[in-house]
Amino acid sequence: MGYAVRKDQLGFRAVSSQADVDPATETYSNTVPAPSSAQQWAVYQSQARAALSETDIAMHRIAEGVSLGTTAWTAADVVSFVQYRQSLRAILSQVQPATIPAVLPVKPAYPAGT
């Protein structure tokens, strides 16, 4: 068994033999290909998108806390949480860097009073 690797490096599939490869769009490999940098970046951005989505409820809770007076937009823990979300949005809006970070920014604790 081998692998038909897309020439654009955006995927591969298992094949029984080299004869199963479409030479116009694929190359043959005996080993599982390493993910391309484009694939790694897409995964990293997907993780950032999921992390950003997971913080939406916390932002609603912060807004409620501000409106009820249990916290303020300028509280250090609220500012830290908002900056975390900004760093995640920056990942989604930037072009692929030369070096893709291994981990996402560190998520701060939920702000007190929310």
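Just so we're clear, the structure is a prediction, and the values are computed from it rather than from any experiment. (Residues numbered from 1 in each chain as written. Predicted model: local features only at pLDDT ≥ 70, side-chain atom pairs only at ≥ 80, totals over all residues. Heavy atoms only, no water.)

K.L.:
When you look at the overall build of the protein chain in this model, what are you seeing that I'm missing?
P.N.:
Scanning the protein chain from terminus to terminus reveals three helices and three strands. In terms of overall dimensions, the protein chain is more spread out than a globule: its C-alpha atoms have a radius of gyration of 22 Å, far above the 13 Å expected for 114 residues. Its C-alpha atoms give the protein chain principal-axis dimensions of roughly 70 × 25 × 20 Å. Looking at the protein chain as a whole, 28% of its 114 residues are labelled buried. Sequence-distant contacts in the protein chain: of pairs separated by 6 or more residues, those separated by 24 or more amount to 54%. About 7,200 Å² of surface is accessible on the protein chain, with carbon and sulfur atoms providing 57% of the total. Side-chain charges of the protein chain comprise 8 positive and 8 negative groups, with the mean position of each set lying 4 Å from the other. (Helix = DSSP H or I, 4+ residues; strand = E, 2+ residues; numbered from the N terminus. Rg over C-alpha atoms; globule rule 2.2 N^0.38 Å. Buried < 20%, exposed > 50% of the residue type's maximum accessible area, 1.4 Å probe, protein only. Contact = heavy atoms within 4.5 Å. Areas by Shrake-Rupley, 256 points an atom, 1.4 Å probe, with all protein chains shown as cover. Lys, Arg positive; Asp, Glu negative; His and termini not counted. Charge placed at Lys NZ, Arg CZ, Asp CG, Glu CD.)

K.L.:
How do you make sense of the environment of Tyr110 when you look at a structure like this?
P.N.:
You can see Tyr110 is positioned in the segment after α3 (76-93). Tyr110 gets classed as partly exposed once you look at its relative accessible area, which sits at 45%. Spatially, the C-alpha atoms of Tyr110 and Phe81 are 7.3 Å apart, while their sequence positions differ by 29 residues. Every residue in contact with Tyr110, bar those within four places of it in the chain, is listed here: Ala58 and Phe81. Within the local environment of Tyr110, its side chain forms a polar contact with the side chain of Lys107, the two groups lying 3.1 Å apart. (Polar contact = N/O pair within 3.5 Å; in protein donor to acceptor, adjacent residues only side chain to side chain.)

K.L.:
Would you mind going over the packing of helix α2 (residues 56-68) against α3 with me for this structure?
P.N.:
For any two helices packed against each other, the geometry is given by the interaxial angle and the distance between the axes. Put simply, α2 and α3 touch, their axes get as near as 11 Å, and they point 145° apart. Viewed along their axes, α2 and α3 form a crossing whose handedness is left-handed. Between α2 and α3, the residues in contact are Asp56, Ala58, Met59 and Ile62 and Val78, Phe81, Val82 and Arg85, respectively. Of the residues belonging to the contact of α2 with α3, the class tally is six nonpolar, no polar and two charged. (Axes fitted to C-alpha atoms, helices over the stretch in contact; angles between N-to-C directions. Left-handed = near helix turned anticlockwise from the far one by under 90°. Nonpolar A, V, L, I, M, F, W, Y, C, P; charged D, E, K, R; others polar.)

K.L.:
Help me understand the pairing of strand β2 (residues 12-15), please; the structure alone is not making it clear to me.
P.N.:
A regular strand carries its side chains on alternate faces of the sheet. Two elements, strand β1 (residues 2-6) and β2, share four bridges in a ladder whose sense is antiparallel. What sits directly across from Gly2, in β2, is Val15. Hairpin connection, β1 to β2: the antiparallel pair is bridged by five residues, and Gln9 has positive phi, about 65°. (Pairing = 2+ DSSP bridges.)

K.L.:
It is not clear to me how empty space enclosed by the protein should be interpreted in this structure. Could you clarify?
P.N.:
Taking a probe equal in size to a water molecule and rolling it over the atoms shows the remaining empty space. Inspection of the entire model under this criterion finds one cavity of 30 Å³ or more. Taken as a whole, the largest cavity spans an internal volume of roughly 50 Å³. What lines the largest cavity is simply Val5, Gln9, Gly11, Phe12, Pro33, Ala34, Pro35 and Gln39. For the lining of the largest cavity, the residue count by class is five nonpolar, three polar and no charged. (1 Å grid on protein atoms, 1.4 Å probe; cavity = no way out; pocket = protein on both sides within 12 Å on 5 of 7 lines; lining within 4 Å. Points joined across faces, edges and corners; volume = space filled by probe spheres on them.)

K.L.:
How should the side chain of Gln45 be read in this particular structure?
P.N.:
Its location among the elements puts Gln45 in helix α1 (residues 37-54). If we skip the residues at most four places from it in the chain, Gln45 touches Ile91, Leu92 and Gln94.

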